[in-house]
Amino acid sequence: MKFTLSWLRDHLDTDASLDRILTALTDCGLEVEGVTDPAKALAPFVIAEVLTAAPHPQADKLQVLTVTTGGDSVQVVCGAPNARAGMKGVFGAVGTYVPGSDLTLKVASIRGVESRGMMCSMRELELSDEHDGIIDLPEDAPIGTAYAAWAALDDPVIEVGITPNRQDCMGVAGIARDLAAAGIGTLRTPPVAPVAGCFPCPVEIRTDDPDSCPAFLGRAVRGVVNGPSPDWLQRRLRAIGQKPISALVDITNFITFDRGRPLHVYDLAHVTGGLTARRAVPGESVAALNGKTYALDATMTVIADDREVHDIGGIMGGAASGVSAATTDVLIECAYFAPERIGATGRKLGLSSDARARFERGVDPGFLVGGLDLATAMVLDLCGGEASDAVVAGSIPVPDKTVMYRPDRTRTLAGVAVGTDEQAAILTRLGFGVTRGERWRIAVPSWRRDIDGEADIVEEVVRINGFAHIPSTPLPRAEGVARPTATPAQLIERRLSRALAARGLDEAVTWSFVSPAQAEPFGGAAWTLDNPISSELSAMRPSLVPGLLAAAKRNLDRGEAGVRLFEVGRRYLADGEHATAAIVMAGAARARDWRTGAATTYSAFDAKAEAVAALAAAGVPVDRLSVLPPVDPWFHPGRSGRLALGAKMVLASFGELHPRVATTREPVAVAEIYLDAIPAARSGKRSRPAFTPPPLQAITRDFAFVVAADLPAETLLRSVRGADKVAITNVALFDRFPLDDKVSLALTVTLQPVERSFTDADIDAISAKIVAAAAKVGGVLRG
C-alpha cells in the first residue's frame, strides 16, 4: 500500500516528522517497506525560459535554443516540436543525471552545434509516459526555481506492508486512523455529505446473487464531461504508480486508495436495459479493461445488462462499457462482494487487481452509501452534470458484532500492563464502542471483520500501545546441561541430510504445495486447499519429486550443466503426511572430455547408489536389501526399482523418470526414501560396530554363471552371498555378457579367513558351495 505524506495529512492533523510517522507505523504493526523522495532525483532541475529559438543549420527537425534560468544564458539543441521562444520549461544543466534517459548530461556537439544541457519532457523526468514535447509550464512559473518544489513533487512516498487481516488499512484513511489512535495526531477524515438526486435513476439495478453480492448500489449522472483530471489528482496517482487515464476513472482509483472502497463507472450509452449482479452462465466471457478476454463459469459473480456481461464482479470491469472522452451519461456502481467468492474467482482466472486485493480481504460494508455519495460528489465537482437518486438493491450486510473483554488480559496474554483508561481510549480512537463493567462489552466497527474474540482486542490494545513496549522475557532454564530434545526420527533426517550433502548433492527447500497439473503424474493430489495463495500452489504434494523437478529445470534453463538436488520433507497422501527424502539428478553427470567425447547423463544406477547411501546413513542394514520391480507409473518401466527389506518392507524407490513425466530431454534420475518406513533400532539407537580389522589377508575368486536372461542379478548375488556367511564377505558383479536367450554374469567373491589361512581344499569346498548356491536360482558354471 503506497501513499504520499501530504495525502496522509489530508486525514491526519499532525506536526510529527516523517521519521516519527515511520516509526509509529511500524510500532503499531504496519511495517514500513520503503520510502522514496522524488524530489531528490529532480533536485538539479530548474524552471527555465527559452529566450530564442532558431532552426538548426544542419537538421530540419532540430532547433537551437537560448535558455536562461535567471543568470547567463546557455545554448541548447532541442528536437521537441513544441519548443518556442518565450515558453517556460524544465532545464537540466551539464552534469545533471536524467533518470528517464539514464544518462548524465555533458557538453555535446549535435550536428556541428554545441549543446550545453537539456530541456526535458515528462518521460525524461519519469513523471509520465508523455514524450511528444518538452514540458510547457505556465507563464507565471518563476524561472530559476527548483521544479520539484514548484510542482509540489517534494512529497515523500511511503509504502507499508498490509497483512491480510488488516483490510481497514487498504486505504489512506484507515492508516491515518491507526496513527491517530497511536497518538501521532488527530483524525480528520472529512465526512461525506449526502448527495441529493435530481431525478429517478433511469437504470434498473438489482442483485440475483445475494450470497455473493448481497448489496448492489448505483446511481446515474447525466451530462458529464470526461476530460483529464486536475493536476492534484494526477500527481497523487502518479506518485503511487497509478497512470492517470481520465477524470471519471481517476476518481474511482482515488477513492480505492483513499478510502479502500473500489467502485466502477459504466458508460450508459453501452448498457442495454438494467444492470444485474448474478452468477455467470457457462460459456459466457468478458473482454476486460486489461485487454484480455476471460471465460466465465457458474461459480463467478458478474455484473451484466440485458444483453451481455460487463464486469467480473469485484475484480475488473469490461471494455465494452468503459468510459471514454465521448461519455456523457454514466452509472456509478458501489457494491459489496463476498470475500470468499472474489478470492476463488481471482485465483481461477489468474487475475489480480487493486479491487480484488480489497474485496477478497473484505471492504467496509458500512461505507457503501458513503462511498457512492463521495464518488458522486467528485464526479459532479470535476465532470459536471446532475445525479439521479441512489438505488440500493439487496440488503447491506452491516455486522452487529460485540466481544466480551477483560482488560487484565493484556497482561496475561501479551505480558503488557496497560491502564484501563488508556485501553478504553485506544479502543475508542480505533472506532470500537466501549461499555465498561466487570467484563467490557466491545462493539466492533463495520470495517474490522477480522475481530472475532477477546484475543483480537488484546492485539489491538498492545499494537497501538506499541510493540516496542512488549518486554523481552527469557524462558526459564533448568540448571545443568540441557538434555537432547531431538526425536529418533529427527536424528535420522539429520544424518541422512549430512550424508547426502557430503556426497555432493545440494539441499533444496521447495513448496509443500504444487499445482494439480504437477501432482497428476505422481498419483494426483489427495488434499487440495480451499483458499490457496495461488492456483499454481493449490494442491498438497503427493511426492517431493515435482518440486525438485521444477527447481532442477530452473537451474538447467539458466545454464547449469548438471543438477544434483535433495530434499527432506513431507508428502501428503490420502492416509496423512509421510516423512520422505527425495533426490533428483538431471543434466550432465560428467562433462565431456577427450576420453568420452560426450557428456554422460544420470542413470537408474546413479539413483540407486544415492538411495543406498541415504539408507545406510539412516542405519538400515543395506547388505540385506533386495531389489523389487517398480510399481509407480512415473518411473521408466525398464530402468527403475524398489529397495526393500524382505518382500514387503519397501524403504525406497529409484530409477529414471518416465519420459512423459521428465521436464528435460535428457534422462532424469530420481529416488525417494520413505523415512517413516525405516524400522526403529531395537535398542532405541543405532551404533556403528567396533572396527576390528581381520588379522589375515583376504583372497578373491572369480566365477561366471550362465543364467536365464530375465533373472535379476541381485537374486544371484544374494544366493552366492549366503553360500558361506562366515567366509564370504563380499560379492560383486563385474561383467554381463549375453548368450542367445541366456546371459553370463561374472562375479568377484571375496573370501576372508578368520583363524588360519585357507588351504586349497578349503577354497575348493567354498567354491563348491558357491556353485551349488548358484544352481538353486538356475545358474550354471560357465565352461
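One can find the structure itself at the top, above this paragraph.
Residues numbered from 1 in each chain as written. Predicted model: local features only at pLDDT ≥ 70, side-chain atom pairs only at ≥ 80, totals over all residues. Heavy atoms only, no water.

S.K.: How do you make sense of the overall build of the protein chain when you look at a structure like this?
M.R.: A count of helical and extended segments in the protein chain gives 19 helices and 43 strands. Its C-alpha radius of gyration of 38 Å places the protein chain more than 25% over the 28 Å reference for a compact globule of 783 residues. Burial analysis of the protein chain (783 residues in total) assigns 47% to the buried set. Considering only contacts in the protein chain between residues 6 or more positions apart, those separated by 24 or more positions represent 67%. Carbon and sulfur atoms make up 52% of the accessible area of the protein chain, which amounts to about 38,600 Å² in all. In the protein chain, 81 side chains carry a positive charge and 93 a negative one; their mean positions are 9 Å apart. (Helix = DSSP H or I, 4+ residues; strand = E, 2+ residues; numbered from the N terminus. Rg over C-alpha atoms; globule rule 2.2 N^0.38 Å. Buried < 20%, exposed > 50% of the residue type's maximum accessible area, 1.4 Å probe, protein only. Contact = heavy atoms within 4.5 Å. Areas by Shrake-Rupley, 256 points an atom, 1.4 Å probe, with all protein chains shown as cover. Lys, Arg positive; Asp, Glu negative; His and termini not counted. Charge placed at Lys NZ, Arg CZ, Asp CG, Glu CD.)

S.K.: Explain the packing of aromatic side chains here, please?
M.R.: The relative placement of two aromatic rings is captured by the distance of their centres and the angle of their planes. According to the stated counting rule, one finds 9 aromatic pairs in the structure shown. With a centroid separation of 5.4 Å and 50° between ring planes, the pair formed by F522 and W634 is classed as tilted. With F522 in the loop between α15 (516–519) and β32 (539–540) and W634 in the loop between β36 (625–628) and β37 (635–645), the pair connects residues that are 112 residues apart, well separated along the chain. For W634, a relative accessible area of 11% corresponds to the buried category. Aromatic ring contacts, followed pair by pair, group W7, W232 and F254 into a single cluster. (Phe/Tyr/Trp six-rings, centres within 6.5 Å; stacked < 30°, edge-to-face > 60°.)

S.K.: What am I meant to see in the side chain of T14 here?
M.R.: Along the chain, the position of T14 falls in the loop between β2 (12–13) and α2 (18–27). In this structure T14 comes out as buried when scored by relative accessible area, which is 14%. Only 3.0 Å separates the side chain of T14 from the backbone nitrogen of A16, close enough to count as a polar contact. Among the polar contacts made by the side chain of T14, one reaches the main-chain carbonyl oxygen of I184 at a distance of 2.5 Å. When sequence neighbours within four positions are dropped, the list of residues in contact with T14 reads R9, I21, I184 and G185. (Polar contact = N/O pair within 3.5 Å; in protein donor to acceptor, adjacent residues only side chain to side chain.)

S.K.: Honestly, the layout of surface pockets in this entry has me stumped. Any pointers?
M.R.: Where empty space is left becomes clear once a probe the size of a water molecule has been rolled over the atoms. Computed from the structure, the largest pocket encloses a volume of approximately 1,300 Å³. In terms of lining residues, the largest pocket is bounded by 39 residues, among which K608, V627, A713, E714 and L717 are the most central. It is strand β41 (residues 728–739) that contributes the most residues to the lining of the largest pocket, 7 residues altogether. Residue composition of the lining of the largest pocket, by class: 24 nonpolar, 6 polar and 9 charged. Here the second largest pocket is characterised by a volume of approximately 940 Å³. As for the second largest pocket, its lining consists of 37 residues, and the residues nearest its centre are L127, L153, R235, R238 and A239. Its residues placed into classes, the lining of the second largest pocket shows 20 nonpolar, 6 polar and 11 charged. (1 Å grid on protein atoms, 1.4 Å probe; cavity = no way out; pocket = protein on both sides within 12 Å on 5 of 7 lines; lining within 4 Å. Points joined across faces, edges and corners; volume = space filled by probe spheres on them. Nonpolar A, V, L, I, M, F, W, Y, C, P; charged D, E, K, R; others polar.)

S.K.: Would you take a moment to explain the pairing of β41 for this structure?
M.R.: Sheet faces and side chains relate simply in a regular strand, where the side chains alternate between the two faces. Note that β41 and strand β42 (residues 742–751) share 10 bridges and pair antiparallel. What sits directly across from I728, in β42, is L751. Counted along the chain from β41 to the antiparallel partner β42, the turn is 2 residues long, and its residue D740 has a positive phi close to 55°. (Pairing = 2+ DSSP bridges.)

S.K.: Help me understand the sheet that holds strand β28 (residues 433–435), please; the structure alone is not making it clear to me.
M.R.: Through backbone hydrogen bonds, the strands of a sheet pair up, either in parallel or in antiparallel fashion. The strand order across the open sheet formed by 3 strands is β27-β29-β28, and the pairing between neighbours is antiparallel. Since the sheet does not close on itself, it has two edges, and those belong to β27 (402–405) and β28, each with one partner. Neighbour-to-neighbour, the strand axes of the sheet open up by a mean angle of 20°, direction not taken into account. Judged from the 3 bridges that link them, β28 and strand β29 (residues 440–443) form a sheet pairing that is antiparallel. Counted as the bridge partner of G433 is A443 from β29. Together, β27, β28 and β29 form the strand contacts of helix α12 (residues 420–429), whose direction differs from that of β29 by roughly 15°. (Axes fitted to C-alpha atoms, helices over the stretch in contact; angles between N-to-C directions.)

S.K.: How should the sheet that holds strand β1 (residues 2–4) be read in this particular structure?
M.R.: Reading across the sheet, the 3 strands line up as β1-β13-β3 and stay open at both edges, with antiparallel pairing between neighbours. Of all the strands in the sheet, the pair left with one neighbour each is β1 and β3 (32–36). Neighbour-to-neighbour, the strand axes of this sheet turn through a mean angle of 20°, independent of strand direction. Pairing geometry for β3 and strand β13 (residues 157–160), over 4 bridges, is antiparallel. In the sheet register, V32 faces β13, and the bridge partner there is V160. Against the sheet, α2 engages β1, β3 and β13, with an angle of about 160° to β3.

S.K.: Hey, could you run me through the pattern of salt bridges in this one?
M.R.: Once their charged atoms are close, side chains differing in charge can pair, the charge on each being opposite to the other. Using the criterion set out here, one finds 34 salt bridges in the structure. A salt bridge links D421 to R436, with the nearest nitrogen and oxygen atoms 3.0 Å apart. In this pair, D421 is assigned in helix α12 and R436 in the loop between β28 and β29, connecting sequence segments 15 residues apart. For R436, a relative accessible area of 46% gives the class partly exposed. Notably, a salt bridge pairs E656 with R639, separated by 3.2 Å at the nearest N-O pair. Linking E656 in strand β38 (residues 649–657) with R639 in strand β37, this pair joins segments that are 17 residues apart in sequence. Exposure remark for R639: the relative accessible area of 42% places this residue in the partly exposed category. (Salt bridge = Lys/Arg side-chain N within 4 Å of Asp/Glu carboxyl O.)

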